[in-house]
Amino acid sequence: MDIDKKLVKKIATLSKLKIEEKEVEIISKDLSKIITWVEKLNEVNTKDVTPVANPSDIKIPFREDEINDGKIEEKVLKNAPEKKAGYFVVPKVVE
Amino acid sequence: MQSSNNWETIIGLEIHAQIISKSKLFSGASTNFGSEPNTQVSLVDAAMPGMLPVINKDCVGQAIKTGLSLNAKINKRSIFDRKNYFYPDLPQGYQISQFTQPIVGSGSIQIDLKEGTSKKIGITRLHLEQDAGKSIHDIEPNKSYIDLNRSGIALMEIVSEPDIRSAEEAQEYVKKLRSILRYIGTCDGNMEEGSLRCDVNISVRKKGEELGTRAEIKNVNSIKSIGQAIDYEFKRQTEIINSGGKIDQETRLFDEKKGETRSMRSKEEAHDYRYFPDPDLPPLEIEDEWIEKIKKNLPELPDVKKENLINQYKISSYDAAILVSDKNNAEFFDKIITGNKKRNAKNVVNWITGELFALLNKNNLEIKDSPIKAEDLGELIDYIEDQTISGKIAKNVFEEMFKTKKRAKDIIEKKGLKQITDTSEIESLIDKVLNNNKDKVDEYKSGKEKLFGYFVGQVMQETKGTANPGIVNDILKKKLAK
Amino acid sequence: MDLKNINLEECLKLLKEKKISSKELTTFYLKEAKANKDLNAYISLNFDNAIKLAEESDKRISTNTARPLEGIPIAIKDLFCTKDIPTTAASKMLKDFKPTYESTVTQNLWDAGAILLGKTNLDEFAMGSSNETSFFGASINPWSKDNKKYVPGGSSGGSAGAVSGNIAIAATGTDTGGSIRQPASYCGIVGLKPTYGRCSRWGIVSFASSLDQAGPMTKTVNDAALMLDIMAGYDKKDSTSANLEKTNFYKNLKNNKKLRIGIPKQYKNNQLNDEIIKLWDLGIEYFKKNNCEVVEIDLPHTEYALATYYIISSAEASSNLARYDGIKYGLRSNSENINDLYEETRSEGFGNEVKRRIMIGTYVLSAGYYDAYYLKAQKVRSKIINDFKKAFEKVDIIFTPTAPSDAFEQGSKIDDPIQMYLNDVFTVPVSLAGLPAISIPMGLSNNDLPLGFQIIGKSFDEDSVFSAAKIIEENSNFKKVDKK
């Protein structure tokens, strides 16, 4: 599968990565190569096979409904690049 | 309005209901509303490196309870998927939700419409997902402030079938759904605080034609807004089609102030959420015993309760609907009607929905905070029934009870309001009044019939209103007829 | 006393017999690590605290209240969150990040009395097989010679290099597609990836959630068993953690198991180097000598494992790394609007290999491609798991090379991602199936660089893996030459 430049830019936007114009060509080639390589999976007959998301057989474990966390605002904000009055701060988001 | 000129409006609603639980869906932080920013945030909620989700059993139970109350199928095996997108109030960069295999499958609810008819609205599915944090845009001009307290609270997303055909139906659907959720205690249904949110999907078509393109309307935060948004969209969409245009499939925001919807600025392209099963969470498996246990402990639902009230007490559908619209109304009624078998159901309903509601509304109170307890209202009703006091006096006593929280018995005694029903006593009072007003009696006898009321008034004055009006009327009529 | 070539078991004995103090041991290793900076095996060293902790350990030892690993300095891969100590994942994105919490696995080690020696180098966000993608520069294989720089393997290259280079007694690593085993093989040490779910993932910077596992990297099999007993255990904060009884791997080493050994016929082909085939056959002889039955087994979907792995791990990584957005912690590039904030921060913070994998991951999950790639890969994964299940009906252990070659020179493969990915051909199928596997050094290549072999076991049967590994260890008698 050829990952053309348009697709590269679309993927970059979805991943929130900035790709310089001069890099787009290289990345397009790299990604195309990798995707072509993984396409060999098409040789495998997977009719009626259940997909596996996790190798373990366990069921989801439950937690009791109790408040045993939170009230750690200092820790939560400790590494924040920008914070004020207990909030995380970012450039204005327009809806 | 929506069915004019052979136009048909096709509406589906997506409701996000915050689950009542102490802690969040995948973290042990509190779900309290209105705390200081970021004080109810765990490291998991803040998406610190290496943090992992662990599911809250009660939240799952609440979803099962809700599914059962919506006559829906509980899926014993369901999967959590990640919905991937970037937004500052979404710390993980993905929301844990359910996409292909939700916990609850298809169900339905009945809604009651104005004309007295009832309609079944299908429910496609219900699934569990995390709520996002809050962004505040008006603290600083060029900045947005992020509070993650809400991030990770459990939500149930309830998707209706596109069975809704009008603003009224949409509003009734939301009201009914809200009342069910409040009844069973899985969501407090508070739209102002945001614990119940509604997205409206709406398209129009000429009757008999194919389905139109739908628009999704977000930010519809009250029952009133639902009606306004639908009315506006109907106009907007039909106008576009009538002038030869096409409807864009898009997400629009409802503007409460203007009563209009507008296109969202930032959506040049559709979101690609890249759903995939969350590898941090094994499948959710629910045992039959658990479902049975929850089923057994379900309270009587409003629709069932309504039917039972009508059948048992022969009250009208309208009255029954009011009683079941709030669990507390029904409980209040129950207490009175079961307190004394002789009490008349229609009577009781009238007192609750008439006098009591009027005073509660005037004083901005909910029935659960009523100064008059159910048993005390019942007692008052008994006094009217056994003629201890007259209906008119009862109203005054009622107001006094509301103001002072005293029992009827005490007020009646203290103020000497007991009704006089002794006919001889009344007769002598009437004689007294007639004797004192001989000239008016003559005027009455010569045709001034209006004076009857004057005589009644005088008797009432003498007795401070406690004379039984019926008896007064009868005896007075007899005396004046002579 | 030769403190350089000492292993964990020997250290514990010396400490117990009071022939050495933890303070001496720790001071020695801090000095050695500092003196061997050119290996670039460490991103940071725990000068602030290690000696103090060592002194506390000495107190415990002297009052006979020593815990199982009391006083032992251990190197920790810089992917494990260590409280108040920089945890970088070898990325510019987290270069100044100090967690306010400790990972479960490292806490288990500290609760047993071990001491943090330093945080070791790795491929950025654990994505790589050569430790060349680290923001802090590549680390070097201590076996490098002739003025050439050889890679230690990856992603746990720093841990492997530190143990092999005698600047750590033992280390922790993480393994997603071979990141413990392959560097162990390149550096001539022992490295174990336990069964998925054996060790908690809580507090480990996440790469691919359905594949990541923490494990020990040590000089001997006994050391690995000792460490795994401490690292492993149920953690209710990790929903994928296995709720099993406490382990006794170290004690169980004494048991002599009669094992059935499987050799996958798809792996043993003429594309392999002669030197590897020779060692493989030698290993088979060792097993036969030890009363083990050796049979050929069938893993028919072997050739699809790498592609499956890259699709799945990239998909999970693209989502796991979405949290690095410049808002809550880590790097932030200044910008005027939120979209630029995301793009500038992530483009500046992530290296090329990480960006590549994020984009592959985003692509294979995106609308229109999900079924063809991600869903397909999950189905092939199911078939690979089945291959192993069937094979393990016939055998207890599977014996393969760890990597298709010895260590390569720095820079020789970095420009060709697929060439780089092929290093993991033997290790990746095991990760997809969540099985335990160890790499144990057997001999040297024609280039005088270590060659390791892999022993794979059934789910949660690390005991058999250790038993088989001991047979190879005892027979190979792989000598670690002092490389300086």
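Just so we're clear, the structure is a prediction, and the values are computed from it rather than from any experiment.

(A) Summary view of the overall build of chain A. A tally of helices and strands in chain A yields three helices and three strands. When the helices and strands of chain A are listed from N to C terminus, the series reads α-α-β-α-β-β. On C-alpha atoms alone, chain A measures out to a radius of gyration of 22 Å, which is more than a quarter above the 12 Å that the 2.2 N^0.38 rule sets for 95 residues. Along the longest, intermediate and shortest principal axes, the C-alpha atoms of chain A span 55 × 45 × 25 Å. Counting every position in chain A, which comprises 95 residues, the buried fraction comes to 29%.

(B) Focus on the overall build of chain C. What chain C contains, in helices and strands, is 16 helices and eleven strands. The globule rule puts the C-alpha radius of gyration for 484 residues at 23 Å, and the 21 Å found for chain C is close to it. Considering only C-alpha atoms, chain C reaches an extent of 65 × 55 × 50 Å along its principal axes. Of all 484 residues assigned to chain C, the portion counted as buried reaches 64%. Intrachain contacts of chain C at a sequence separation of at least 6 include 76% that bridge at least 24 residues.

(C) Layout of the packing of helix H9 (residues 274-289) of chain C against helix H16 (residues 462-476) of chain C. Residues and elements named next belong to chain C. Relative orientation of the contacting elements H9 and H16 amounts to 110°, with a least axis distance of 10 Å. As far as their axial angle goes, H16 and H9 are roughly perpendicular. Every residue of H16 that contacts H9 at Gly283, Tyr286 and Phe287 is listed here: Ile471, Ile472 and Asn475. A breakdown of the residues in the contact of H9 with H16 according to their chemical character gives four nonpolar, two polar and no charged.

(D) Fine view of the interface of chain B and chain A. The partner chain A presents 32 residues to the 42 residues of chain B that form the contact. If you tally residues by element for the side of chain B that touches chain A, the top one is strand E9 (residues 143-147) of chain B, at five residues. Of the residues contributing to the side of chain B that touches chain A, the split by class is 18 nonpolar, 15 polar and nine charged. For strand E1 (residues 62-63) of chain A and strand E2 (residues 55-56) of chain B, the ladder comprises two bridges, and the chain directions are parallel. Following the sheet pairing, A:Phe62 is matched in E2(B) by B:Ile55.

(E) The confidence of the model for chain A, seen in detail. Looking at chain A as a whole, its pLDDT mean stands at 91, while 99% of the residues score no less than 70. Highest mean pLDDT in chain A belongs to E1(A) (97); lowest belongs to helix H2 (residues 21-38) of chain A (88).

(F) Looking closely at the interface of chain A and chain C. Listed as interface residues are 36 residues of chain A and, on the opposing side, 55 residues of chain C. Of all the elements in the fold, those that place two or more residues in the side of chain A that touches chain C are helix H1 (5-15), H2, helix H3 (73-78) and strand E3 (87-91) of chain A. At six residues, the largest contribution of residues to the side of chain A that touches chain C is made by H2(A). Looking at the side of chain A that touches chain C residue by residue, the class counts come to 23 nonpolar, six polar and seven charged.

(G) Fine view of the sheet that holds E9(B). Sheet architecture is open: four strands sit in the order E2(A)-E3(A)-E9(B)-E8(B), paired in antiparallel fashion. Each end of this open sheet is capped by a strand with a single partner; those strands are strand E2 (83-84) of chain A together with strand E8 (134-140) of chain B. Relative to E9(B), E3(A) runs antiparallel, the two sharing four bridges. From the neighbouring strand, A:Pro91 faces E9(B), where its bridge partner is B:Lys143.

(H) Highlighting H1(A). For H1(A), the complete set of buried residues consists of A:Val8, A:Ile11, A:Ala12, A:Leu14 and A:Ser15. Mapping the buried residues of H1(A) onto a view down its axis gives an arc of 160°, with all of them on the same face. Next to the buried residues of H1(A) lie H2 of chain A together with helix H10 (305-320) and helix H12 (352-365) of chain C. Backbone geometry just downstream of H1(A) places A:Lys16 in the positive-phi region, at approximately 55°.

(I) Spotlight on unusual backbone geometry. Following C:Gly154, the chain continues to C:Ser155 via a peptide bond in cis, the omega torsion being 10°. Relative to the assigned elements, C:Ser155 resides in the loop between strand E3 (115-120) and helix H5 (157-164). A positive phi angle, near 60°, is found at B:Lys314, a position not held by glycine. In this structure, B:Lys314 sits in the loop between helix H5 (302-313) and helix H6 (317-324).

(J) Representation of the pairing of strand E2 (residues 73-77) of chain C. Residues and elements named next belong to chain C. When you tally the buried positions in E2, you get five out of five residues, the bulk of the element. Burial along E2 is two-sided: the face carrying Pro73, Ala75 and Lys77 and the face carrying Ile74 and Ile76 are both buried. Judged from the five bridges that link them, E2 and E3 form a sheet pairing that is parallel. When the sheet's bridge partners are listed, isoleucine 74 is paired in E3 with leucine 116. Regarding the hand of the β-α-β motif, the stretch spanning E2, helix H4 (residues 104-111) and E3 is right-handed. Bridge count between E2 and strand E4 (residues 171-175): two bridges; the pairing is parallel. The partner of alanine 75 across the bridge, within E4, is alanine 171.

(K) Representation of the sheet that holds strand E9 (residues 397-401) of chain C. Residues and elements named next belong to chain C. The eleven strands are arranged E1-E3-E2-E4-E6-E5-E10-E11-E9-E7-E8 in an open sheet whose pairing can be described as mixed. The open sheet has two edge strands with one neighbour each: strand E1 (42-45) and strand E8 (293-297). Going across the sheet, the axis of each strand differs from the next one's by a mean of 30°, ignoring polarity. Of the strand pairs in this sheet, E1 and E3 are connected by three bridges, and their pairing is antiparallel. Bridging from a neighbouring strand, leucine 45 pairs with glycine 118 of E3.

(L) The arrangement of the pairing of strand E6 (residues 107-112) of chain B in detail. Residues and elements named next belong to chain B. Alternating positions in E6 separate cleanly, Gly107, Ile109 and Ile111 being buried on one face and Ser108, Gln110 and Asp112 remaining unburied on the opposite face. Note that E6 and strand E7 (residues 118-130) share six bridges and pair antiparallel. Considered in E7, the bridge of aspartate 112 is made with serine 118. Hairpin remark: E6 followed by E7, antiparallel, with five residues in the connecting loop; positive phi at glycine 116, about 90°.

(M) Summary view of the nonpolar core. Judged by nonpolar contacts, the single largest core of 247 residues is most densely connected at B:Ala170, B:Val200, C:Ile74, C:Ala168, C:Ile311, C:Ile397 and C:Ile455. If we ignore the near neighbours within four places in the chain, the residues touching B:Ala170 are B:Ile11, B:Leu13, B:Ile164, B:Val200, B:Ile226 and B:Ile230. Listed in part, the 32 residues of the second largest apolar core include B:Ile315, B:Ala320, B:Ile372 and B:Ile412.

(N) Structural detail: the confidence of the model for chain C. In the predicted model, chain C carries a mean pLDDT of 95, and 99% of its residues have values of at least 70. Here the predicted complex carries an ipTM of 0.95, next to a pTM of 0.89.

(O) Here's a closer look at the packing of helix H14 (residues 451-462) of chain B against helix H15 (residues 469-481) of chain B. Residues and elements named next belong to chain B. Axis separation between H14 and H15 bottoms out at 11 Å; the angle between their running directions is 130°. Relative to H15, the element H14 is oriented oblique. For the pair H14 and H15, the sense of crossing is right-handed. Residue-level contacts link Phe455, Val456 and Val459 of H14 to Val472, Asn473 and Leu476 of H15. Partitioned by chemical class, the residues of the contact of H14 with H15 number five nonpolar, one polar and no charged.

(P) Up close: helix H2 (residues 167-184) of chain B. All names here are of chain B. Here H2 spans 26 Å end to end across 18 residues, near enough to the 26 Å set by a 1.5 Å rise per residue. Burial in H2 covers these residues: Ala167, Glu169, Ala170, Glu172, Tyr173, Val174, Leu177, Arg178, Leu181, Arg182, Tyr183 and Ile184. Glycine 185 lies just past H2 and shows a positive phi near 75°.

(Q) View of the environment of A:Asp30. For A:Asp30, the location among the structural elements is in helix H2. Not counting residues up to four positions away in its chain, the partners in contact with A:Asp30 are C:Arg356 and C:Pro417.

(R) Focus on the environment of B:Ile367. Residue and element names in this part refer to chain B. When you line up the elements, isoleucine 367 lands in the loop between helix H8 (345-362) and helix H9 (374-385). C-beta crowding within 10 Å serves as the criterion here: with 19 such atoms nearby, isoleucine 367 is assigned to the partly exposed category. Sequence-distant contacts of isoleucine 367, that is, excluding residues within four places in its chain, are made with Asp326, Asn328, Asn329, Phe332 and Leu360.

(S) Geometry of the environment of C:Ile6. As for its position among the elements, C:Ile6 is in the segment before helix H1 (8-16). Excluding residues within four positions of it along the chain, C:Ile6 makes contact with C:Cys11 and C:Ile169.

Scoring rules and cut-offs
Residues numbered from 1 in each chain as written. Chains lettered and ligands numbered in written order. Predicted model: local features only at pLDDT ≥ 70, side-chain atom pairs only at ≥ 80, totals over all residues. Helix = DSSP H or I, 4+ residues; strand = E, 2+ residues; numbered from the N terminus. Rg over C-alpha atoms; globule rule 2.2 N^0.38 Å. Buried ≥ 20, exposed ≤ 12 C-beta atoms within 10 Å, placed from the backbone. Contact = placed C-beta atoms within 7 Å. Axes fitted to C-alpha atoms, helices over the stretch in contact; angles between N-to-C directions. Parallel < 35°, antiparallel > 145°, perpendicular 65-115°, else oblique. Nonpolar A, V, L, I, M, F, W, Y, C, P; charged D, E, K, R; others polar. Pairing = 2+ DSSP bridges. pLDDT = per-residue confidence, 0-100. Arc of directions from axis to C-beta. Right-handed = clockwise from strand over helix to strand, strands pointing away. Core = buried A, V, L, I, M, F, W, Y, C linked by C-beta atoms within 7 Å. Left-handed = near helix turned anticlockwise from the far one by under 90°. Expected span 1.5 Å × (residues − 1).

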